[in-house]
Amino acid sequence: MNRPKKNLYIKTYGCQMNVYDSEQIALILGRDYDLTDRPEEADLYLINTCSIRRKSEEKVLSLVGRLKGLKNRRPQMLLGVGGCVAQQEGERLLQRAPHLDLVFGAQGIYRLPHLLHQRLESGKAVVDTSFSADLPYISGQVTPGAPKKLVTIMQGCNNYCTYCVVPYVRGPERSRPAAEVINEVQDFLRQGGQEVTLLGQNVNSYGKGLADGLSFPGLLRRLAKLPGLIRLRFTTSHPRDLSDDLICCFAELPPLCDHIHLPVQAGSNHILARMHRGYTREEYLHKVNRLRQICPGISLTTDLIVGFPGETEADFADTLALMREVAFDAAFYFKYSPRPQTAAAALVDQIPEPVKAERLARLRTLQEELSLASNQRLVGQFKEVLVEGLSKQQNQQLCGRLRSNQVVNFDGPQDLIGRMVWVRIEKANLHSLGGHRCQP
Ligand code: SAM
Ligand code: SF4
């Protein structure tokens, strides 16, 4: 007789990588647990964490503190912290929060059934922050019928940008064999899926150390041939490793969407060198021009950091000038946050907090101007939209994305979810578009 399943609640912080990891957790524990969106009903409450900036880490620690109350009310509930903060803090987390049952690092997710068993058998909290060479990715879909899927193609990073904690909390770069990636995508397409986003910290260096010798453009070419794949995306691209071969894929491969996220971080050569990014401002601009030559109208988004140690007003002005020159369609921007173990945290010329805040405000004003102008250029155009679900902002409206990645909200029946429709863009907001459904 089948035992009734227990309830699993997962709170996810951070990037798409963490969203993917949470999906993997749900699949790995799927035999014994069903996902719930009601934390107060959880038998197992897992927090999948991010430590990229101190603020992200503080949010996690504050939630763990608040959950003491729930744990007191539901003593049978197991509470675990996984991901980057867990990897970084390990045993120290248990000392700060003795009500935790489980602390597991970036790769501990694949050992979760064993760790839970260990916790129940021993009655003691369990900590696992070890790294292993091979990762057993689990194939499957958390939401059956969902039109799009994230597929991890590599883990970790070897770049050691001087501000970044990722190589320390996610370990060295390891690519996943192409055959596994292709199988996972094929499975998804057989279930009616249409859009796949390939994930990795630096997808452009995919393939190193693999026996099959397939490069990232090679993998894209193989995937683009799969019947049923309508949209293919990838993130993140490191500008240094963006090859001309990869740029040409945007013209060559019909499913490859006309959007690239290409984090520049800064516009000053002095700061780029100190960040250990491996490209200059001029090289970045050259690649942007080449992308626009090969794929006119390609949407370009980026990440920016302000207040990196030693950043002068002139360096910052270079960043603003580069943003204007490229006219990014959207950007994520952050105040530099010193992270444990990283080289930049030890630099003596740290920038005072008020200066960082003031520069961030100026940068935000410029990017908002650029983002709105970019969205306004779409007004009046007819665009194909993959309907993803209900809009978070506009109750009752549907929500989807253009091939160039902008979010669009519009009226329509719910049975359109998962389908491709045509929409006339009527309204431009800062972070989304509004439209009306129409015939092509
Ligand atoms: N691998 C990607 C790359 O190379 O661009 C992005 C990795 S990271 C998860 C996402 C973004 O967080 C980075 O692009 C950077 O802008 C930002 N970031 C990373 N470390 C940071 C730090 N210490 N302070 C502020 N922002 C940071
Ligand atoms: Fe961090 Fe740099 Fe690796 Fe991106 S490429 S994850 S910013 S070290």
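Computed from a predicted model, the values in this text were never measured in an experiment.

Analysis parameters
Residues numbered from 1 in each chain as written. Chains lettered and ligands numbered in written order. Predicted model: local features only at pLDDT ≥ 70, side-chain atom pairs only at ≥ 80, totals over all residues. Heavy atoms only, no water. Helix = DSSP H or I, 4+ residues; strand = E, 2+ residues; numbered from the N terminus. Buried < 20%, exposed > 50% of the residue type's maximum accessible area, 1.4 Å probe, protein only. Contact = heavy atoms within 4.5 Å. Areas by Shrake-Rupley, 256 points an atom, 1.4 Å probe, with all protein chains shown as cover. Pairing = 2+ DSSP bridges. Axes fitted to C-alpha atoms, helices over the stretch in contact; angles between N-to-C directions. Near = heavy atom within 4 Å. Polar contact = N/O pair within 3.5 Å; in protein donor to acceptor, adjacent residues only side chain to side chain. Nonpolar A, V, L, I, M, F, W, Y, C, P; charged D, E, K, R; others polar. Expected span 1.5 Å × (residues − 1). Arc of directions from axis to C-beta. Right-handed = clockwise from strand over helix to strand, strands pointing away. Disulfide = S-S within 2.5 Å.

Engineer: Kindly report on the overall build of the chain, identifying the contributing residues and their values.
Structural biologist: A count of helices and strands for the chain gives 13 helices and 19 strands. Its C-alpha atoms give the chain principal-axis dimensions of about 60 × 60 × 50 Å. A burial count over the chain gives 54% of its 440 residues as buried. Excluding contacts between residues fewer than 6 apart, the proportion of contacts in the chain whose partners are at least 24 apart in sequence is 71%. Summed over all atoms, the accessible surface of the chain reaches about 19,800 Å², with 52% contributed by carbon and sulfur.

Engineer: Kindly report on the sheet that holds strand β19 (residues 433-438), identifying the contributing residues and their values.
Structural biologist: Read once around its circumference, the closed barrel built from five strands follows the order β15-β16-β17-β19-β18, with strand pairing classed as mixed. Between one strand and the next, the sheet's axes are offset by a mean angle of 55°, whatever the strand orientation. Pairing of strand β18 (residues 420-428) with β19, which is carried by six bridges, proceeds in the antiparallel orientation. Across the sheet, residue W422 finds its bridge partner in β19, namely C438.

Engineer: So what's going on with the site of ligand 1? Which residues, and what values?
Structural biologist: Neighbouring ligand 1 are 15 residues; Y163, Q201, Q265, D303 and S337 lie closest to it. Within the backbone of S337, a nitrogen or oxygen atom sits 2.8 Å from a nitrogen atom of ligand 1. Contact with the protein chains hides 91% of the accessible area of ligand 1, taken as 560 Å² for the molecule alone. Only β13 (299-306) and β14 (330-335) provide two or more residues apiece to the shell around ligand 1. Each residue belonging to the shell around ligand 1 can be placed in one class, and the counts come to six nonpolar, four polar and five charged.

Engineer: Kindly report on helix α11 (residues 281-294), identifying the contributing residues and their values.
Structural biologist: Over its 14 residues, α11 runs 20 Å from end to end, which matches the ideal 20 Å to within 8%, given 1.5 Å per residue. If you check which residues of α11 are buried, you get R281, Y284, L285, K287, V288 and L291. The buried residues of α11 all sit within an arc of 160° when viewed along its axis, so they share a single face. For α11, the exposed residues lying more than 90 degrees away from the buried face are H286, N289 and Q293.

Engineer: Requested: an account of the site of ligand 2, with residues and values cited.
Structural biologist: In the vicinity of ligand 2, the contacting residues are C157, N159, Y160, C161, Y163, C164, V166, P167, Q201, H238 and R277. Of the residues in the shell around ligand 2, the class split is seven nonpolar, three polar and one charged.

Engineer: Tell me about the pairing of strand β4 (residues 78-83), residues and numbers included.
Structural biologist: Burial analysis of β4 places six of its six residues in the buried class, which makes it a mostly covered element. Relative to β4, strand β3 (residues 44-49) runs parallel, the two sharing six bridges. Within β4, the residue paired with L46 across the bridge is G80. Each parallel crossover has a hand, and for β3 linked through helix α2 (residues 54-73) to β4 it is right-handed. As defined by bridge partners, β4 adjoins strand β5 (residues 102-104) across three bridges and the pair is classed as parallel. Residue pairing across strands places V81 opposite V103, the latter belonging to β5.

Engineer: I'd like a description of helix α7 (residues 178-190), backed by residues and values.
Structural biologist: Under the 1.5 Å per step criterion, the end-to-end length of α7 is 18 Å for 13 residues, consistent within 8% with the ideal 18 Å. On its buried face, α7 is in contact with α1 (16-28), β7 (148-152), β10 (195-199) and α8 (216-224).

Engineer: With reference to specific residues and values, describe the side chain of T197.
Structural biologist: Relative to the elements of secondary structure, T197 occurs in strand β10. Contact partners of T197, with chain neighbours within four places excluded, come to K149, L150, V151, R233, F234 and T235.

Engineer: Break down the state of the cysteines for me, citing the residues and quoting the values.
Structural biologist: Tallying each qualifying case throughout the model produces zero disulfides. Not engaged in a disulfide, the cysteine C248 finds its nearest cysteine sulfur in C249; these two sulfurs lie 7.4 Å apart. By relative accessible area, which is 25% here, C248 ends up partly exposed. With no disulfide of its own, C295 lies 10 Å from the sulfur of C257, the closest cysteine sulfur.

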